[in-house]
Amino acid sequence: MPPILLTGFDAFGGDTLNPSWLAVQALHGRRIGGHQVVAAPLPTVFEASLAELGRLLRIHKPALVICVGQAGGRATLSLERVAINVNDARIADNAAAQPVDTPVVTGGPAAYFSTLPIKAMLLALQKEGIAAEVSQTAGTFVCNHVFYGLMHMLATQRGFKRTRGGFVHVPFLPSQGQVQGQPHMALEDVIRGLRVAVRAALTTQRDITQGAGAIS
């Protein structure tokens, strides 16, 4: 069976670790729903991250792709709904690039929606007692860049018509959040949450209808 591809990022912005990579790395080699998990790191660098993601897609030809990133300040696992075609970096990436008001893909659509069953994933996480939400924005930094680039590749490149993909943001770890006075989540809960979310994505062909919107 084709594998599941999970990606995380290296540390950025002065941090010495990134929970997204620690969590997906812990799932590498495991089987979920009969599919083996392949975990791979992406650099927190605008163009290089998509080059590496494209290479991974060509090598593994996965059935499911979930890119995972850190969202400091958030308290839950955030299932991202939409990626937008803009880079607007408040800080520089790890290669000192700081694009402002540039497209992820020149001439690409304004946005792509996740093709993951995010409402079913949300319900599965909530049933397991894992704090989760549907997020309406993946920001405008490298996470959104990768999310948009992933969906564009799946939509436009041959061989990925049936591959579903999307993005999940995870909170700080306690060692980060407690120092900065920010919300945080234990690594074991992030790992468990990703496992639950992946299983729900694999077993749900058509997403459910459930309110999870935002007023602001």
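A few points on the structure. (Residues numbered from 1 in each chain as written. Predicted model: local features only at pLDDT ≥ 70, side-chain atom pairs only at ≥ 80, totals over all residues. Heavy atoms only, no water.)

1. Some words on the overall build of the protein
Next, step 1: Within the protein one finds 6 helices and 11 strands.
Next, step 2: Taken over the C-alpha trace, the protein has a radius of gyration of 16 Å; the compact-globule value for 216 residues is 17 Å, and the two agree within 12%.
Next, step 3: If one aligns the C-alpha atoms of the protein with their principal axes, the spans along those axes are about 45 × 40 × 35 Å.
Next, step 4: Looking at the 216 residues of the protein, the share that counts as buried comes to 51%.
Next, step 5: When contacts within the protein are restricted to residue pairs at least 6 apart in sequence, long-range pairs at least 24 apart make up 78% of them.
Next, step 6: Entry remark: accessible area of the protein is about 9900 Å², with carbon and sulfur atoms responsible for 53%.
Next, step 7: Across the protein, the centroid of the 18 positively charged side chains sits 14 Å from that of the 13 negatively charged ones. (Helix = DSSP H or I, 4+ residues; strand = E, 2+ residues; numbered from the N terminus. Rg over C-alpha atoms; globule rule 2.2 N^0.38 Å. Buried < 20%, exposed > 50% of the residue type's maximum accessible area, 1.4 Å probe, protein only. Contact = heavy atoms within 4.5 Å. Areas by Shrake-Rupley, 256 points an atom, 1.4 Å probe, with all protein chains shown as cover. Lys, Arg positive; Asp, Glu negative; His and termini not counted. Charge placed at Lys NZ, Arg CZ, Asp CG, Glu CD.)

2. Some words on the environment of G34
Next, step 1: Topologically, G34 is positioned in the loop between strand 2 (31–32) and strand 3 (35–42).
Next, step 2: The spatial distance from the C-alpha of G34 to the C-alpha of L6 is 15 Å, given a sequence separation of 28 residues.

3. Quick notes on the packing of aromatic side chains
Next, step 1: Throughout the structure, instances matching the rule amount to 4 aromatic pairs.
Next, step 2: Summarising the aromatic geometry, the rings of F12 and F141 are spaced 5.7 Å apart at their centres and angled 40 degrees between planes, so their arrangement reads as tilted. Remark: F141 occurs in the loop between strand 10 (132–135) and helix 4 (142–156) and F12 occurs in the loop between strand 1 (4–9) and helix 1 (19–27); sequence separation between them is 129 residues. As far as burial versus exposure is concerned, F12 and F141 are alike and both buried. (Phe/Tyr/Trp six-rings, centres within 6.5 Å; stacked < 30°, edge-to-face > 60°.)

4. Remarks on the side chain of T44
Next, step 1: In this fold, T44 is placed in the loop between strand 3 and helix 2 (46–60).
Next, step 2: At 2.6 Å, the side chain of T44 forms a polar contact with the side chain of D10.
Next, step 3: Those residues within four positions of T44 in sequence are excluded, and the remaining contacts are F9, D10, A11, F12, D93, N94, F141 and V142. (Polar contact = N/O pair within 3.5 Å; in protein donor to acceptor, adjacent residues only side chain to side chain.)

5. Quick notes on the packing of helix 1 against helix 6 (residues 187–203)
Next, step 1: Relative to each other, helix 1 and helix 6 sit at 60 degrees, their axes nearing to 9 Å. Considering the angle they form, helix 1 stands oblique to helix 6. In this structure, the crossing between helix 1 and helix 6 has a hand that is right-handed. Each of P19, L22, A23, V24, A26 and L27 in helix 1 lies in contact with helix 6, whose residues at this interface are L187, V190, I191, L194 and R195.
Next, step 2: Taken together, the residues of the contact of helix 1 with helix 6 sort by class into 10 nonpolar, no polar and 1 charged. (Axes fitted to C-alpha atoms, helices over the stretch in contact; angles between N-to-C directions. Parallel < 35°, antiparallel > 145°, perpendicular 65-115°, else oblique. Left-handed = near helix turned anticlockwise from the far one by under 90°. Nonpolar A, V, L, I, M, F, W, Y, C, P; charged D, E, K, R; others polar.)

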